[in-house]
Amino acid sequence: TFFLVVSPEPARYLLSPLPFVRLVRAANPRAMDAMELSWGARCAGLAFFVLSVLVVALAAVLLLVRRWPWCSCHVCRTYLTGSWAKDFTNLGDWYAHLLRESPTGTVHIHVLGCTVTANPANVEYMLKTNFENFPKGKRFSALLGDLLGGGIFNVDGDAWRHQRKMASLELGSVTVRSYAYKIVAHEVETRLLPVLADAADKGKVVDLQDVFRRFAFDTICKISFGLDPGCLDLDMPMSDLANAFDTASRLSAMRGAAASPLVWKMKRMLNIGSERELKKAIKLVDDLASAMILQRRKLGFENSHDLLSRFMASDGDVQAMDDKYLRDIVVSFLLAGRDTVASALTTLFIHLSKNPEVAAAIRAEAGGDKPSTYQHLKSLQYTHAVLYENMRLFPPVQFDSKFSAAADVLPDGTYVEGDSRVMYHPYAMGRMPSIWGADHEAFRPDRWLTGPGGSFAPPSLYKYPVFQAGLRVCLGKELAVTEMKAVSVAVVRAFDVEVVGENGRSGWAPRFVAGLTASISGGLPVRIKRASTSGADFK
């Protein structure tokens, strides 16, 4: 049936719903029945969808009730309510308090299903003696899998052994170490010192944490990928990759702090809240890492010394040419080489600001006119002790988790259930009088020196697992310490650094934000002054 509209009135009549229904019913009753049937189908579909959502929600609630480790003990209530914050600056300080109070140096947080230890015997047992029973585990891999993928920090077994063997060969190479040191020295002289000199001459207050993060990001990108993001140029450009990586690290760490994994898994399934933000950040990391790999391919990698090129040029290794594998390597290098170094340097200058006599001793040991060669830096025993003492109190990675493959008993007698989380806590271990004595809270670098010449005496890695220990000990440890020495010596020689604000107060502890590595909330504002003994002019 056709209608010819000859005036506005009939048009309005036809466009109104009820007349239109009457006309269709009169012209074609079967069409109207089909329309009514489709409306019924829609309603049935909507009802089915709502019912399905309710069933899924009910199942999730029942599973939560069944699996949630309900506990009303004082420790669990304190954790769940966050009331620990009334007495402690950081969650790590609360853990340290609990572990000091424990006769064994071990506690159990029931609502997390987690055993936390600061007992060196337990650490050695987990990382060496019974290493195979304490892998990262599938639950840990799930927490960080979206960000770290199949990178060396997130895998076990053959995948871990393969990557560790490759990384060990490259990081142990004299060629790579020489290449890395030249980059560090160049970045210090041409970027870091000029930025600090500009702040000193203009009397500006700068965020030293931000400066060190930019420096470490530029350095690790050059060493690892042969590319220069230029984050520490004087105009301080922002890096999309650095920002996305920060966001992804922070939100991934928040997963581990949840009382139940069902919380973040449900948010991820529904794509809401922090999981939605994490997904966007990881997408950006993936895109930028892929662009970095593509650029490296275009520039060629056969004759390059950066770590990514050496991985890509691995003969007879098909996996080394897979972009997903290379993407995971990129992220692992960023995590290992950027955030940890920047964190340690930031907290170091809090200690030097509060202990100017230590800065003066570093300056005296370094010598005013001596060039900072690799061998010269290696000979600086007191500076080495200062770095270790700083990381004793403020380790860049404050805790590390494993998951027991089978039920076990730790050396201190603590029973550990199979597939349960076991955490050793370097931040707390640095505050244990049973390990460091009555002056464990004091910043005292000479505790590391021995003999008439004051030689550095390395600690047991199981008492000081800042670089991990055992079979997973950090492969980049020497490179990281050399980089920190190069920066601290150069900065202390040329400048006096004064921390301003609350972090500069005597007895005040920095407040850390949640993340895979320690990062100070609000940054570290400092005032830079040229040292009276420095005649250097950085342009």
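Residues numbered from 1 in each chain as written. Predicted model: local features only at pLDDT ≥ 70, side-chain atom pairs only at ≥ 80, totals over all residues. Heavy atoms only, no water.

Under the annotation held in an unreviewed UniProt entry, the protein chain carries the name Cytochrome P450 and is attributed to Aegilops tauschii subsp. strangulata.

On to the overall build of the protein chain. Helix and strand content of the protein chain: 21 helices and 13 strands. The 539 residues of the protein chain split such that 48% are buried. Residue pairs in contact within the protein chain that sit at least 24 positions apart in sequence constitute 72% of those at least 6 positions apart. By element, 60% of the accessible surface of the protein chain is carried by carbon and sulfur atoms, the whole surface being about 26000 Å². (Helix = DSSP H or I, 4+ residues; strand = E, 2+ residues; numbered from the N terminus. Buried < 20%, exposed > 50% of the residue type's maximum accessible area, 1.4 Å probe, protein only. Contact = heavy atoms within 4.5 Å. Areas by Shrake-Rupley, 256 points an atom, 1.4 Å probe, with all protein chains shown as cover.)

The residue Asp328 is located in helix α15 (residues 323-354) in this model. The buried category is assigned to Asp328, whose relative accessible area is 5%. Among the polar contacts listed, one links the side chain of Asp328 to the backbone nitrogen of Gly150, at a separation of 2.8 Å. A polar side-chain atom of Asp328 sits 2.8 Å from a polar atom in the side chain of Lys324. Non-local contacts of Asp328, meaning those with residues more than four positions away in its chain, are made with Leu148, Gly149, Gly150 and Gly151. (Polar contact = N/O pair within 3.5 Å; in protein donor to acceptor, adjacent residues only side chain to side chain.)

Let us look at helix α18 (residues 381-393). Spanning 13 residues, α18 covers 19 Å between terminal C-alpha atoms, matching the ideal 18 Å at 1.5 Å per step. The complete set of buried residues in α18 reads Tyr382, Thr383, His384, Ala385, Val386, Leu387, Tyr388, Glu389, Asn390, Met391, Arg392 and Leu393. (Expected span 1.5 Å × (residues − 1).)

Side chains of Leu46, Phe49, Val50, Val53 and Leu54 sit close together on the surface and give an oily, nonpolar patch of about 490 Å² of accessible area. Among the secondary structure elements, Leu46 is positioned in helix α3 (residues 29-67). Look at Leu46 and you get exposed, because its relative accessible area is 55%. (Patch = residues over 30% accessible without salt bridge, like charges linked within 9 Å, V, L, I, M, F, W, Y side chains within 5 Å. Salt bridge = Lys/Arg side-chain N within 4 Å of Asp/Glu carboxyl O.)

With that settled, consider the packing of aromatic side chains. This structure, assessed with the given rule, holds 17 aromatic pairs. Judged by centre distance (5.6 Å) and plane angle (40 degrees), the rings of Phe131 and Trp160 are tilted. Of this pair, Phe131 sits in the loop between α6 (120-129) and α7 (137-148) while Trp160 sits in helix α8 (residues 157-171), and the two are 29 residues apart along the sequence. Neither Phe131 nor Trp160 differs from the other in exposure class; each is buried. (Phe/Tyr/Trp six-rings, centres within 6.5 Å; stacked < 30°, edge-to-face > 60°.)

Turning our eyes to something else, we now look at the sheet that holds strand β10 (residues 495-499). Strands sit in the order β3-β13-β10 across an open sheet of three strands; the sheet is antiparallel. Whereas interior strands pair on both sides, the edge strands pair on one side only; in this sheet they are β3 (205-207) and β10. Along the sheet, successive strands turn relative to each other by an average axial angle of 40 degrees, direction set aside. Those strands touched by helix α10 (residues 208-225) are β3, β10 and β13 (525-530), and its axis lies near 50 degrees from that of β3. (Pairing = 2+ DSSP bridges. Axes fitted to C-alpha atoms, helices over the stretch in contact; angles between N-to-C directions.)

Turning next to the environment of Gly149. For Gly149, the location among the structural elements is in the loop between α7 and α8. Filtering out sequence-adjacent residues up to four positions away, Gly149 remains in contact with Leu144, Asn154, Lys324, Arg327 and Asp328.

Right, let's talk about the packing of α7 against helix α11 (residues 240-257) for a bit. The contact between α7 and α11 brings their axes to 9 Å, and the two run at 170 degrees. Relative to α11, the element α7 lies roughly antiparallel. Two secondary-structure elements touch here, α7 through Ala142, Leu143, Leu144, Asp146 and Leu147 and α11 through Phe245, Ala248, Ser249, Ser252, Arg255 and Gly256. Classifying every residue of the contact of α7 with α11 gives six nonpolar, three polar and two charged. (Parallel < 35°, antiparallel > 145°, perpendicular 65-115°, else oblique. Nonpolar A, V, L, I, M, F, W, Y, C, P; charged D, E, K, R; others polar.)

Mean pLDDT over the protein chain: 85, with 87% of residues reaching 70 or higher. Low pLDDT, under 50, characterises residues 1-27; the stretch is placed with 13 contacts to residues that sit more than four places away or in other chains. (pLDDT = per-residue confidence, 0-100.)

All right, on to unusual backbone geometry then. Residues other than glycine seldom take positive phi values, yet Asn271 does so here, at roughly 55 degrees. Mapped onto the elements of the fold, Asn271 is located in the loop between α12 (261-270) and α13 (273-299). On the basis of relative accessible area, Asn271 is assigned to the partly exposed category, the value being 25%. Phi is positive for Asp419, which is not a glycine, with a value near 60 degrees. You can see Asp419 is positioned in the loop between β6 (415-416) and β7 (421-424). A residue is classified by how much of its surface remains accessible, and Asp419, at 47% relative accessible area, is partly exposed.

Right, let's get into the packing of α15 against helix α21 (residues 477-494). Across the interface, α15 lies against α21 with an axial gap of 10 Å and an inter-helix angle of 40 degrees. Taken together, α15 and α21 sit at an angle that is classed as oblique. At the point where α15 passes α21, the crossing takes the right-handed sense. Across the interface between the two elements, Val341, Ala344, Leu345, Leu348, Phe349 and Leu352 from α15 touch Ala480, Glu483, Met484, Val487, Ser488, Val491 and Val492 from α21. Taken together, the residues of the contact of α15 with α21 sort by class into eleven nonpolar, one polar and one charged. (Left-handed = near helix turned anticlockwise from the far one by under 90°.)

For the structure shown, the criterion picks out zero disulfides. Here Cys71 stays free of any disulfide, with the sulfur of Cys73 as its closest cysteine sulfur at 3.3 Å. By relative accessible area, which is 25% here, Cys71 ends up partly exposed. Here Cys231 is not cross-linked by a disulfide; its sulfur's nearest cysteine counterpart is in Cys221, at 7.1 Å. (Disulfide = S-S within 2.5 Å.)

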